[in-house]
Amino acid sequence: MSRLRPSVLLLTALLLLLASFPMWQSFVTSPATIGLLTRIFIYAIAAVSLDLIMGYGAMVSFGHAMFFGLGGYVVAIINYHTFEGGTLLGWSGSNAAVVVWPTAVLCCGMLGLISGYLALRTSGVQFIMITLAFAQLVFFLLVSLQSYGGDDGLMMSRRNVLPLVDVARPETLYYVSLAMLALWTVLCTLIVKSRFGLVLQALRQSQRRVVNVGVAPMPYRLTAFVISAMGTGLAGVLWANHAKFVTPDMVAWTKSGEFIAIVVMGGLGTLIGPILGAAIFICLEQVLSIWTEHWMIIMGPVLVLIALFGQRGIVGALMRARYAE
Amino acid sequence: MILFLEQLLNGLQYGAMLFMLASGLTLIFGIMGVINLTHGSLYMVGAYCGAFAVAHTGSFLAGIGAGVLGAAVYGIMIELAVIRSLYRRDHLYQVLATFGLILFTNEAVSLLFGRRPPLMNIPTMLVGSVPVAPGLDYPVIRLAFIAAGMMVAIGLWLLVNRTRLGMLIRAGADDREMVDALGVDIRRIYTIVFGLGAALCGLAGIMAAPLLAIEIGMGEKILITTFVVIVVGGVGSVRGALAGALLVGMADSLGRAYLPQVMQMLLPPSTAETLSAGLISASIYLLMAVVLLIKPLGLIPVRHA
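Colleague: Account for the overall build of chain A, naming residues and giving values.
Modeller: Scanning chain A from N- to C-terminus turns up 14 helices and two strands. Computed over C-alpha atoms, the radius of gyration of chain A comes to 20 Å, within 12% of the 20 Å expected from 2.2 N^0.38 for 325 residues, which places it in the range of a compact globule. Its C-alpha atoms give chain A principal-axis dimensions of roughly 55 × 50 × 40 Å. For chain A, buried positions account for 48% of its 325 residues. Across chain A, the fraction of contacts at a sequence separation of at least 24, relative to all contacts at a separation of at least 6, is 78%.

In structure tokens form, the structure reads like this:
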């Protein structure tokens, strides 16, 4: 355990630094930075979730944006029925986060259960493609939902209400997102270190051996997939509250590609790495898009270079350097 | 009946286009083990190069030449610069690298050719329609498309099964080391196969240009459908690609024609309209889910020795 201590200290320091950020940010930066950081936290939650199955279970999901989008849409749709559209299947709706957020996350879990069950019947390239196809399915269904805005998306008239804190203030949402990210990362770390996580990683290394020991792979993989789906859904929930606006673009396949890029950039199978990856990716995107409107022409080759040379990601490279000492 | 026949031909035409794209994609995956997301970008490059040539020379044949050549050259450039390093890597990195290439290509094409999508008219020799059945006139260009698809299918079959290059391709897919050890430069074969796949993309792009809109991002839409085709057909198998392309083409065009009518019989009109619009777009993905449920490796999986 002593090997872990420096990283725990570092993390605590980082957490404190980030927690106190709204207090000193007014001296050094613009208020827009709070929005930027909130966005990073939200993406990081999705990336950590994806890392759980991609890094530890070797399940390359190219459709994780569907959970991101569904989480957001459930929040926005309930919001729409609560304030404007009348009842939803006889339910007058609610704006309490304690009701809406778990509902949204559970919906994502259900979608994860169905799509994961079907997708996990395959592996390798078929798995990648079928997850992508499910995301496209969700995408087209959302586009065709004319009563919820269709192509244009759905505005949220106000954010969900949390007990004790006022999320209408950007700073509060910042704290909520940060807390969610911290909790989710800790939870995922516990999962990875548990017996369940060890089986998952053993399956990644050699499915044949695990099966011969007498463990059925499907329940483990599927559970991991559902957990990951719920985490990504949580990110979608927070995004809807952050942007107060959801569009089918949240499910676009490029979004799934971005999530993969974030995870690989930060470090596959590290859980901390994807957080760093999210920060770098979003900052890079921000800087490049200020610099030129054609920022993709730089972002594209950056991703190619990461794929070609940065196999371990940033955190992976750091960890290797430390072990080599 | 007329409508049914027309939709069947439409499905055949769409299937022919999908086959041109899917055959290359499935060969590249089957032989090199690379998931090539840039396949759709090559289709776009072909369409832009072709439209550019047609706009400047006025000749559709020159357009076909430019489209095929442009896509092939760009494909070979990509293979040499990036894809070559990815052959033995995990699928994840192939997805990431080719995803980056898509972003790059989209931006590069819009910088080179401008944001305004080029327009391309139907070439004069393919204008108009001919009667294919009593009471049904069918556009010549679509028939030409079907013919081109058939020629590609026959040509590919001959190439893979009847030529020395095809023999080396099959051998390379089975056992790369052995072919290498026998003194054949397997890397060159890979480059050739990639270029061939790219050239077919270019052909599909320029053929589709008068029928569909040429725009940035046209490649991604078709790419995902192409992936559905090869997954349905069985990844790595050209025959599977043909079966998958026809199946997906038919499902799409028949769904478009009949799904709204079926829905209207079952549901109130307003709901039926929106729901069927969504279902039409989603139908091929549903098809894929069903196929994978029954045959996880696709309809015609590759036989392994």
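The rest of the description comes next.
Colleague: Would you mind going over the overall build of chain B in detail, with residue names and values included?
Modeller: Scanning chain B from terminus to terminus reveals 11 helices and two strands. Going residue by residue from the N terminus, the α and β elements of chain B occur as α-α-α-α-β-β-α-α-α-α-α-α-α. Radius of gyration (C-alpha) of chain B: 20 Å, near the 19 Å computed for a compact globule of 305 residues. On the principal axes, the C-alpha backbone points of chain B span a range of 65 × 50 × 35 Å. Looking at chain B residue by residue over its 305 residues, the buried ones come to 50%. Partitioning the intrachain contacts of chain B with sequence separation of at least 6 by distance along the chain shows that 76% fall at a separation of at least 24.

Colleague: Outline the interface of chain B and chain A, listing residues and values.
Modeller: Contacts between the two partners involve 35 residues from chain B and, on the opposite side, 36 residues from chain A. Among the elements that make up the side of chain B that touches chain A, the one with the highest residue count is helix α4 (residues 91-113) of chain B (15 residues). For the side of chain B that touches chain A, the per-class residue count stands at 27 nonpolar, seven polar and one charged.

Colleague: Outline the confidence of the model for chain A, supporting the account with residue identities and numerical values.
Modeller: As a note on interpretation, predicted positions should not be read in detail where pLDDT is low. Put simply, chain A has an average pLDDT of 86, and 93% of its residues get 70 or more. Mean pLDDT across the secondary structure elements of chain A bottoms out at helix α2 (residues 21-28) of chain A, with 63, and peaks at helix α10 (residues 217-243) of chain A, with 95.

Colleague: How would you sum up helix α2 (residues 39-57) of chain B? Please name residues and give values.
Modeller: Residue and element names in this part refer to chain B. Here α2 spans 27 Å end to end across 19 residues, near enough to the 27 Å set by a 1.5 Å rise per residue. Extensive coverage of α2 is indicated by the burial of 15 of its 19 residues. Immediately beyond the C-terminal end of α2, within one or two residues, lies G58, with a positive phi of roughly 80°.

Colleague: Pulling in residues and values, what's your account of helix α8 (residues 195-205) of chain A?
Modeller: Residue and element names in this part refer to chain A. Residues V199, L200 and L203 constitute the buried set of α8. Down the axis of α8, the buried set is contained in an arc of 100°. They therefore lie on one face. Buried-residue contacts for α8 involve α3 (32-57), α9 (207-213) and α10.

Colleague: Mind laying out the environment of L178(A), listing which residues take part and the relevant values?
Modeller: Residue position: L178(A) is located in helix α7 (residues 170-193). Ignoring any residue separated from it by four or fewer positions in sequence, one finds L178(A) in contact with L18(A), A19(A) and F41(A).

Colleague: I'd love a proper account of the packing of helix α3 (residues 60-81) of chain B against helix α8 (residues 186-208) of chain B, names of residues and values included.
Modeller: Residue and element names in this part refer to chain B. Contact geometry of α3 with α8 gives a least axis separation of 7 Å together with a crossing angle of 145°. In the crossing of α3 with α8, the sense of the turn from one axis to the other is right-handed. Across the interface between the two elements, G63, I64, G67, V68, G70, A71, A72, Y74, G75, I76, E79 and L80 of α3 pack against T191, F194, G195, G197, A198, A199, C201, G202, L203, G205 and I206 of α8. Looking at the contact of α3 with α8 residue by residue, the classes come out as 13 nonpolar, nine polar and one charged.

Colleague: How would you summarise the packing of helix α1 (residues 2-32) of chain B against helix α5 (residues 140-162) of chain B if you had to cite specific residues and measurements?
Modeller: All names here are of chain B. Following both chains from N to C, one finds α1 and α5 inclined at 40°, their axes separated by 8 Å at the closest point. Viewed along their axes, α1 and α5 adopt a mutual orientation that is oblique. Relative to α5, the crossing made by α1 is left-handed. Where α1 abuts α5, its residues L9, L12, Q13, A16, M17, F19, M20 and S23 lie against R142, F145, I146, A148, G149, V152, A153 and L156.

Colleague: Go over the nonpolar core with me, naming the residues and quoting the values.
Modeller: Counting 206 residues, the largest nonpolar core has I45(A), L96(B), V228(B) and M288(B) as its most contacted members. The contacts of M288(B), once residues within four sequence positions are left out, are I130(A), A133(A), V228(B), V231(B) and V232(B).

Colleague: Mind laying out the pairing of strand β2 (residues 136-139) of chain B, listing which residues take part and the relevant values?
Modeller: Residues and elements named next belong to chain B. Looking at chain direction, strand β1 (residues 129-133) and β2 are connected through four bridges and run antiparallel. Across the sheet, residue S129 finds its bridge partner in β2, namely P139. Connecting β1 to the next strand, β2, in antiparallel fashion are two residues, including G135 with a positive phi near 85°.

Colleague: Quick rundown of the confidence of the model for chain B? Include the residues and the values.
Modeller: Residue and element names in this part refer to chain B. On average, residues of chain B carry a pLDDT of 87, and 99% of them reach 70 or more. Taken element by element, chain B is modelled with least confidence in helix α11 (residues 269-294), mean pLDDT 78, and with most confidence in α3, mean pLDDT 93. Scored as a whole, the predicted complex attains pTM 0.87, and scored at its interfaces, ipTM 0.84.

Calculation rules
- Counting starts from 1 at the beginning of each chain's written sequence and moves along it residue by residue.
- Each chain gets a letter, beginning with A, and each ligand a number, beginning with 1, in the order they are written.
- Where local features are concerned, this predicted model is filtered to residues with pLDDT of at least 70; where side-chain atom pairs are given and counted, the filter is 80 or more; whole-chain, interface and lining totals use all residues.
- Secondary structure is summarised from DSSP: a helix means a run of H or I of at least four residues, a strand means a run of E of at least two, and numbering begins at the N terminus for each.
- To get the radius of gyration, use the C-alpha atoms; to get the globule rule, take the number of residues to the power 0.38 and multiply by 2.2 Å.
- Each residue is classed by its C-beta neighbour count within 10 Å, where at least 20 other C-beta atoms makes it buried, 12 or fewer makes it exposed, and intermediate counts make it partly exposed; the C-beta atoms are placed from backbone geometry.
- Working definition of a contact: two residues with C-beta atoms, positioned from the backbone, lying within 7 Å.
- Charged residues are taken to be Asp, Glu, Lys and Arg, nonpolar residues to be Ala, Val, Leu, Ile, Met, Phe, Trp, Tyr, Cys and Pro, and polar residues to be all remaining types, Gly included.
- For every residue, the predictor assigns a confidence score, pLDDT, that lies between 0 and 100.
- Expected helix span is taken as 1.5 Å per residue step, with the number of steps being one fewer than the number of residues.
- Working note: the arc is built from the helix axis to C-beta atom directions.
- Fitted lines through C-alpha atoms serve as axes, helices being fitted only where they are in contact, and the angles separating the N-to-C directions of these axes extend from 0 to 180 degrees.
- Here a crossing is taken to be left-handed if its near helix is turned anticlockwise relative to the far helix by less than a right angle, and right-handed if that turn runs clockwise.
- Comment on the angle field: the value is read as roughly parallel under 35 degrees, roughly antiparallel over 145, roughly perpendicular from 65 to 115, and oblique elsewhere.
- Note on definitions: a nonpolar core is a set of buried residues drawn from Ala, Val, Leu, Ile, Met, Phe, Trp, Tyr and Cys, linked by C-beta atoms within 7 Å.
- One requirement defines pairing of two strands: DSSP has to find at least two bridges between them.

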